[in-house]
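Observations on the three-dimensional arrangement
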Amino acid sequence: MIAGYREKLDRLNAEIQALAPELNLPPRRYQPNPHFARGELPRIAMRIFREAGGPIAVRDIAVRALALKGVPLPDRQTMKITRTRLQQMFIVWEKRGILTSVGENKRRKRVLVGEV
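Right, let's walk through the structure included here. Here the structure is a predicted model, which is why all the values come from computation and not from measurement.

Digging into the overall build of the protein chain
What the protein chain contains, in helices and strands, is four helices and two strands. Listed N to C, the secondary structure of the protein chain is α-α-α-α-β-β in terms of helices and strands. Overall, the protein chain is about 60 × 30 × 25 Å in size when its C-alpha atoms are taken along their principal axes. By sequence separation, contacts in the protein chain at least 24 residues apart represent 50% of the contacts at least 6 residues apart.

Quick look at the environment of L25
Tracing the sequence through the fold places L25 in the loop between α1 (2-19) and α2 (40-52). Relative accessible area serves as the criterion here: at 37%, L25 is assigned to the partly exposed category.

Quick look at the side chain of E40
Summarising the element assignment, E40 is placed in helix α2. Judged by its relative accessible area of 17%, E40 falls in the buried class. For E40, the contacting residues outside a window of four places in its chain are H35 and K69.

Concerning the packing of helix α3 (residues 58-68) against helix α4 (residues 76-96)
Any two packed helices are characterised by the angle at which their axes cross and by the distance between the axes. Between α3 and α4, whose axes approach to 9 Å, the crossing angle comes to 120°. The orientation of α3 with respect to α4, classified from their angle, is oblique. Classified by chirality, the crossing of α4 by α3 is right-handed. Between α3 and α4, the residues in contact are V58, R59, I61, A62, V63 and L66 and T78, M79, T82, R83, L86, Q87 and F90, respectively.

Re the nonpolar core
Of all hydrophobic cores here, the largest spans 21 residues; its most connected members are A45, F49, I61, L86, F90 and W93. No other element matches the six residues that α2 contributes to this core.

Looking at the pattern of salt bridges
Under the counting rule described, the total for this entry stands at three salt bridges. Of the charged contacts, one joins E94 and R110 as a salt bridge, the two residues approaching to 2.8 Å between their closest N and O atoms. One end of the pair, E94, is in helix α4; the other, R110, is in strand β2 (residues 109-112), with 16 residues separating them in the sequence. Residue class for E94 comes out partly exposed when judged on its relative accessible area of 28%.

What counts as what
- Residues numbered from 1 in each chain as written.
- Predicted model: local features only at pLDDT ≥ 70, side-chain atom pairs only at ≥ 80, totals over all residues.
- Heavy atoms only, no water.
- Helix = DSSP H or I, 4+ residues; strand = E, 2+ residues; numbered from the N terminus.
- Contact = heavy atoms within 4.5 Å.
- Buried < 20%, exposed > 50% of the residue type's maximum accessible area, 1.4 Å probe, protein only.
- Axes fitted to C-alpha atoms, helices over the stretch in contact; angles between N-to-C directions.
- Parallel < 35°, antiparallel > 145°, perpendicular 65-115°, else oblique.
- Left-handed = near helix turned anticlockwise from the far one by under 90°.
- Core = buried A, V, L, I, M, F, W, Y, C linked by side-chain atoms within 4.5 Å.
- Salt bridge = Lys/Arg side-chain N within 4 Å of Asp/Glu carboxyl O.

What follows is the structure in structure tokens.
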């Protein structure tokens, strides 16, 4: 089904280029995450929070999540991408009241609200 959609998208882009060759369409920027499926990282992070039972750093969560997915020694870029996605997710969770922060700056750890 996905292959069919990609073919339709390619055909549509070719038709647009045929009608207006001066129009430059931007390249697709979305690249799927090679380690986590859609929605999988939040589920794993919540599981790690529950198992930890107390405050835990984002870096530790990223290392554990990648280890669960079979990446025991992640490279620098994989760690950065995973930490960034986790931090963005945690900001939303803090606004919703699911998480709270303990500490400041580099010593900041996060904990589920009921476990403080």
